[in-house]
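Reading the structure
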Amino acid sequence: MSEMKIVSGNFAAAYGAKLSRVEVVAAYPITPQTEVVEKIAQLVSEGEMDAEYVMVESEHSAMAACIAASNTGARAYTASSAHGLALMHELLIWASGARLPVVMTNINRAMGPPWSVWADHHDTLAQKGTGQMQFFCENNQEVLDSVIMAYKIGEDAEIMLPSMVVEDAFILSHTKEPVEIYDQELVDEFLPSYDPEYKLDVERPFGFGSLGMPDWYMDFRYKIAEAFEKAPDKIEKVNKEFSEIFGNDNGGLIEEYKTDGVDVLIVTMGSISSTSKDVIDELRAEGHNIGLARLRTFRPFPVEKFRKITKGVNVVGVMDRSYTFGHGGDAAREIKDALYGHRDLILKDYIVGLGGRDMTPKILKNIMLDAISLQDKGLDNEIEWVDLRINQERWRR
Amino acid sequence: MAKVPEIELMFQGTTACPGCGAGNAMRYLLKALGKNTIINIPACCWAVIPGVYPSRNLDIPLLYNAFEATGAASSGVRAALNAKGVDPREITVVGFAGDGGTADIGIQALSGCVERGTDTIQVMYDNEAYMNTGIQRSGETPYGAWTTTTPVGSKQAWKKAPKKNMMEIMNAHGIPYAVTMSIAYPELMIEKIQKAKDILGPKFVHIYAPCPTGWRSNPSDTVELARLAVDTCVFPLYEIENGVYNVYKKPKKKVPVKDYLKIQGRFRHLPEEEVERIQKNVDLEWEKLLKKVKFTKE
């Protein structure tokens, strides 16, 4: 029987791993991820979860152990955050290069210096080129759901890719919400055990990861690219199947909130989306034709879907909770990239909430009103840093 | 003395240099362990020696991993086997890394792997420098050696730091079994590797593997150099079992270190007093080892 529990985003991740029947967990503690590994340690020690728990001495080793375990044919899981994720960088690329469907939960936290433990997407987006699928969650239920779905998608023979399921530091990781912990049998039906065609096996010895000369390497890279081409459809399909069985539709590539025929489209990622949806309702009630697209899957980037949902849109306002120095917000840049040559519209990039700066309904409303105003006055700034100490008066009024 | 098993799990067609001591190390290791072995290898000469894709001359499951990750990869493979209910005595998990991948960049993951008590054999095949990248000094390069990053010029001479003692570092972890071995003594290698295989928990194996390319020695001298290292006490053959030391192959007659140094180009530049200094240090270390044997056996 499924059961409702009031749990943090971190516990939701741990329960997601438990329900996915992960066989090997290797993790290293970092704030604000620690509850994930503590909860798993507790579940294992109480016999509620049947997994080998490797308490490694670094995040680099965590992913290295997960890769090796996955290569041996076991379902592997880890969790990290910010600096821990950055330390894993080499192995995030290794996991995708080796085509291993390891799933990790990353708690989105700002990178230092200055030291910060609060919400920020820079850590995850700095890894966008590593060949990991990336799923940004809005709430704790989605955290749990996405871990299960990530295994289902990643382990598909046509995909065979690792995933990062990400949630915002503290706003989700340490905030308790009601989460449905599904019936294990139902999850088992949805997600069968991991049985890869090729693995380390003394009866059928293969070598994995040997030197690829220039006449081979490029073709292996192309195969990964092909898998990423196929992934969007697979993500939508798995999301549909999941929602039919478990009753929760998490949006697949992009969750559309009141987007039909809108003039102004707001794009958000992660926990900021919930508050933004309330503000959208408020503005719609005031007569504004505005909707919201929650960018849930950052990798593969939903290029086609963005083209589709921006048809007839005048203004796209993108809220980026990260900034790539020398270029801008990642989401805005990539949406522009997707729309180039397809849509003639105004796109403005709002840099928001870095290092956990609070995004209140008031600020969000001011951002959306700014986006609405661009319809008449045209684009003022391509990139706007919102609620800085030097411009707070404007955004908080 | 153990017989060298007939089984061959390493085939021809390696890309090793002529006279590569690491080649012998792998061959004897696999003869000792047999086919129920999973081996993981980081960046090192042995990342290339088995052949480039799609060729492979090792007839066992082989996992390559990142340079610093061998201890973690062994832990991951072992954890997966545990999850599948495979007993450590059924399948041996081996981490096979060079001296850099073990003692320098890989020391953290190795330390973690050993501290956790992972059932695995972690091998350091020691050719005393980063040979695959072109003879750069490592923590295992001995005092006095030339390498491409310790060149002998007017301002900088040879490597001044001593060789890192991995046996002691492993012993400090409370490891159940650590052993040094030499490719000059295949039967002893087989015996000690099989002994390590039967011990539960983490095992550390330090294999002395001369490298003609990096040591500037004659490829035909590889085995002779390995034997001289033992006979001069530069590289004593000993084991530490639960803290108890045992020298399992004492030289019949201690050979002067200069006999070992003089057939290697990497020590060619050393003046007489430096050779004496090395000799004194070798003597001191040898005496210390014998005292450790005496102390721990009592």
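Since we're looking at a predicted model, the values are computed, not measured. (Residues numbered from 1 in each chain as written. Chains lettered and ligands numbered in written order. Predicted model: local features only at pLDDT ≥ 70, side-chain atom pairs only at ≥ 80, totals over all residues. Heavy atoms only, no water.)

Some points on the overall build of chain B
We count it as follows: Each helix is a run of DSSP H or I of at least 4 residues and each strand a run of E of at least 2, with the numbering of both proceeding from the N terminus. For a compact globule the rule gives 2.2 Å times the number of residues to the power 0.38, and the radius of gyration it is set against comes from C-alpha atoms. Only protein chains enter the accessibility calculation, which uses a 1.4 Å probe; a residue is then buried when its area is under 20% of its type maximum, exposed when over 50%, and partly exposed in between. Working rule for contacts: check all heavy atoms of both residues, and any pair within 4.5 Å makes them a contact.
Broken down by element type, chain B carries ten helices and eight strands. For 298 residues, the compact-globule estimate of 2.2 N^0.38 gives 19 Å, and chain B sits close to it at 18 Å. With the C-alpha coordinates of chain B rotated into their principal frame, the extents come out at 60 × 50 × 35 Å. Within chain B, the proportion of its 298 residues that are buried is 58%. The long-range share in chain B, meaning contacts at least 24 apart out of those at least 6 apart in sequence, stands at 70%.

Structural notes on the packing of helix α6 (residues 140-154) of chain A against helix α8 (residues 214-246) of chain A
Residue and element names in this part refer to chain A. Which entries qualify depends on this criterion: The angle between two axes is taken between their N-to-C directions and runs from 0 to 180 degrees, where each axis is a line fitted to C-alpha atoms and a helix contributes only its stretch in contact. Under this scheme an angle from 65 to 115 degrees is roughly perpendicular, one under 35 degrees roughly parallel, and one over 145 degrees roughly antiparallel; angles in between are oblique. Whether a crossing is left-handed or right-handed is set by the direction in which the near helix is turned from the far one by less than a right angle, anticlockwise for left-handed and clockwise for right-handed. Classification used: nonpolar for Ala, Val, Leu, Ile, Met, Phe, Trp, Tyr, Cys and Pro, charged for Asp, Glu, Lys and Arg, polar for all others including Gly.
At a minimum axis distance of 10 Å, the contact between α6 and α8 shows a crossing angle of 130°. If you check the angle between α6 and α8, you find them oblique. In the packing of α6 onto α8, the handedness of the crossing is right-handed. Mapping the contact onto sequence places Asp145, Ile148, Met149, Lys152 and Ile153 in α6 and Lys234, Ile235, Val238, Asn239, Glu241 and Phe242 in α8. The residue inventory of the contact of α6 with α8, partitioned by class, reads six nonpolar, one polar and four charged.

Points about the pairing of strand β6 (residues 133-136) of chain A
Two faces, one strand: in a regular strand the side chains alternate between the faces of the sheet. Residues and elements named next belong to chain A. Stated formally: A pair of strands is treated as paired once DSSP finds two or more bridges between them.
Burial of β6 is two-sided: the residues Met133 and Phe135 facing one way and the residues Gln134 and Phe136 facing the other way are all buried. Across four bridges, β6 lies against strand β7 (residues 163-168) in parallel orientation. What sits directly across from Phe136, in β7, is Val166. Pairing of β6 with strand β13 (residues 297-299) involves two bridges; the strand directions are antiparallel. Looking at the pairing, Phe135 lines up with Thr297 of β13.

Some remarks on the interface of chain A and chain B
Just so we agree on the cut-off: Any Lys or Arg side-chain nitrogen found within 4 Å of a carboxyl oxygen on Asp or Glu counts as a salt bridge. In the analysis that follows, any N or O atom pair within 3.5 Å is treated as a polar contact, provided that within protein one partner can donate a hydrogen and the other can accept it, and provided that, for residues neighboring in sequence, both atoms belong to side chains.
Counting residues at the interface gives 37 residues for chain A, matched by 37 residues for chain B. Counting the contacts that link chain A with chain B gives three salt bridges. At the boundary of chain A and chain B, one finds ten residue pairs in polar contact (both at pLDDT 80 or more). Contributing elements (two or more residues each) for the side of chain A that touches chain B: β3 (52-55), α3 (59-71), α4 (82-97), β9 (207-208) and α8 of chain A. With seven residues, the single largest contributor to the side of chain A that touches chain B is α3 of chain A. Note: β9 of chain A against strand β2 (residues 62-64) of chain B, two bridges, orientation parallel. When the sheet's bridge partners are listed, Phe208 of chain A is paired in β2 of chain B with Leu63 of chain B.

Looking at the domain arrangement of chain A
All names here are of chain A. Applicable threshold: Domain start and end points were adopted from an automatic or database domain assignment. Summed over both partners, the accessible surface that disappears when two parts come together, traced with a 1.4 Å probe, is what is meant by buried area.
When the domains of chain A are assigned, the result is domain 1 (3-246) and domain 2 (254-396). When each unit is reduced to the centre of its C-alpha atoms, the spacing between domain 1 and domain 2 is 28 Å. Counting residues at the interface gives 27 residues for domain 1, matched by 24 residues for domain 2. Note on domain 1 versus domain 2: buried area summed over both sides is about 2100 Å², and carbon and sulfur give 51% of it. If you sort the residues of domain 1 by the area they bury against domain 2, Lys128, Phe136 and Glu138 come out on top, with a joint share of 30%. Connecting domain 1 to domain 2 are seven salt bridges.

Overview of the sheet that holds strand β14 (residues 315-320) of chain A
Residues and elements named next belong to chain A. The six strands are arranged β10-β12-β11-β14-β15-β16 in an open sheet whose pairing can be described as mixed. Across the chains shown, the open sheet's two edge strands, defined by having one partner strand only, are β10 (254-257) and β16 (383-385). The mean inter-strand angle of the sheet, taken between neighbouring strand axes irrespective of direction, is 20°. Each of β10, β11 (264-268), β12 (290-295) and β14 touches helix α9 (residues 272-285); the most contacted strand, β12, lies at about 170° to it.

With respect to the packing of helix α2 (residues 70-83) of chain B against helix α4 (residues 107-115) of chain B
Taken N-terminus to C-terminus, the directions of α2 of chain B and α4 of chain B make an angle of 35°; their axes are 6 Å apart at the nearest point. For the pair α2 of chain B and α4 of chain B, contact is made by Gly71, Ala72, Ser74 and Ser75 of chain B and by Ala109, Leu110 and Cys113 of chain B, respectively.

Re the sheet that holds β13 of chain A
Residue and element names in this part refer to chain A. A sheet is described by the order of its strands in space; here seven strands give the open sequence β3-β2-β4-β5-β7-β6-β13, paired in mixed fashion. Either end of the sheet is taken by a strand with one partner, and the two such strands are β3 and β13. Ignoring which end each strand starts from, the neighbouring axes of this sheet average 20° apart. Running at roughly 170° to β7, α6 makes contact with β4 (76-81), β5 (103-108), β6 and β7 of the sheet.

Quick notes on the pairing of β14 of chain A
All names here are of chain A. Within β14, six of the six residues are buried, leaving the element largely enclosed by the surrounding structure. Of the two faces of β14, both are covered, the one formed by Val315, Gly317 and Met319 as well as the one formed by Val316, Val318 and Asp320. The sheet contact formed by β11 and β14 spans four bridges and is parallel. Considered in β14, the bridge of Leu265 is made with Val316. Sheet analysis places β14 next to strand β15 (residues 346-351), joined by six bridges and oriented parallel. By the bridge assignment, Val318 is partnered in β15 with Asp349.

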